[in-house]
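Coordinate inspection notes
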Amino acid sequence: MPRQYIRHPAQIPIQVEDASHTLECPAQTHNISLGGLACESMLAFSPGDRVEIVIPILQPAFSAQGHVMWCEKYIDHFLLGIGFDNLQQVYAIRMIEQVCHIEQYKQSIEKNGRAITTEEAALEWISKYAKEFPKLH
């Protein structure tokens, strides 16, 4: 069966929490689409489990509600497919991905000895890289 949505690579550190917030697992996204996201996790979840995706590197932390679509063992960890409860959460995560890219860009500029504000970094990153940033379809 062909994929319903185009997947776009995304490398964002996240945390996957169960619905009761008793289980917290650091994870790394693999890709994101209009259908949800795929991520690596050290813990297995069951299809249908309600989860919350948290992006703790943002202050305040961003979170989105979803459910596990699939879980597969992969070497020493698990790959999870997580569907979101609404399309607005998918777009919010894509915006956060851009913010992460801009922050990485800012840090790389500062490592080279140039002081730059977040706003300046955002404007530079947008002018250089935004057109290459994959669009969700």
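Higher on the page you've got the structure.
The paragraphs below set out a description of the structure included in this document. (Residues numbered from 1 in each chain as written. Predicted model: local features only at pLDDT ≥ 70, side-chain atom pairs only at ≥ 80, totals over all residues. Heavy atoms only, no water.)

**Things to note about the side chain of Lys106**
- Positionally, Lys106 belongs in helix 1 (residues 87–111).
- Among the polar contacts made by the side chain of Lys106, one reaches the side chain of Glu110 at a distance of 2.9 Å.
- For Lys106, the residues in contact, after removing those within four places along its chain, are Ile116, Thr117, Thr118 and Ala121. (Helix = DSSP H or I, 4+ residues; strand = E, 2+ residues; numbered from the N terminus. Polar contact = N/O pair within 3.5 Å; in protein donor to acceptor, adjacent residues only side chain to side chain. Contact = heavy atoms within 4.5 Å.)

**Some remarks on the nonpolar core**
- Of all hydrophobic cores here, the largest spans 20 residues; its most connected members are Ile14, Val16, Leu37, Cys39, Ile82 and Ile93.
- When residues of this core are traced back to their parent elements, those giving at least two are strand 2 (13–18), strand 3 (24–33), strand 4 (36–41), strand 5 (50–55), strand 6 (62–74), strand 7 (77–84) and helix 1.
- Those residues in contact with Ile14, other than ones at most four positions away along the chain, are Cys25, Pro26, Ala27, Gln28, Thr29, Leu37, Cys39, Ile53, Val54, Ile55 and Pro56.
- Ile102, Ile109, Ile116 and Ala121 belong to the second-largest nonpolar core, a separate cluster that totals seven residues. (Core = buried A, V, L, I, M, F, W, Y, C linked by side-chain atoms within 4.5 Å. Buried < 20%, exposed > 50% of the residue type's maximum accessible area, 1.4 Å probe, protein only.)

**Here's the deal with the packing of aromatic side chains**
- Using the criterion set out here, one finds two aromatic pairs in the structure.
- Geometrically, the ring pair formed by Tyr105 and Tyr129 is edge-to-face, given 6.0 Å between the ring centres and 70° between the ring planes. Of this pair, Tyr105 sits in helix 1 while Tyr129 sits in helix 2 (residues 118–129), placing them 24 residues apart in sequence.
- On the accessibility criterion, Tyr105 (8% relative accessible area) is buried.
- Judged by its relative accessible area of 35%, Tyr129 falls in the partly exposed class.
- Through pairs of rings, three or more aromatic residues link up here, namely Tyr105, Trp125 and Tyr129.
- Across from the ring centre of Phe78, 4.9 Å away, lies the NZ or CZ of Lys73, which sits over that ring. (Phe/Tyr/Trp six-rings, centres within 6.5 Å; stacked < 30°, edge-to-face > 60°. Lys NZ or Arg CZ within 6 Å of the ring centre and 35° of its normal.)

**Focus: the state of the cysteines**
- Per the counting criterion, the structure on display carries zero disulfides.
- Between Cys71, a cysteine without a disulfide, and Cys39, which holds the nearest cysteine sulfur, the sulfur-to-sulfur distance is 9.1 Å.
- Taking the relative accessible area as the measure of exposure, Cys71 reaches 23% and is therefore partly exposed. (Disulfide = S-S within 2.5 Å.)

**Some remarks on the pairing of strand 5**
- Counted residue by residue, strand 5 has five buried out of six residues, so it is predominantly covered.
- Of the pairings in the sheet, the one linking strand 2 to strand 5 comprises four bridges and is antiparallel in character. Considered in strand 5, the bridge of Val16 is made with Ile53.
- Sheet topology note: the strand 5/strand 6 ladder contains six bridges and is antiparallel. For Arg50, the partnering residue across the bridge sits in strand 6 and is His67. (Pairing = 2+ DSSP bridges.)

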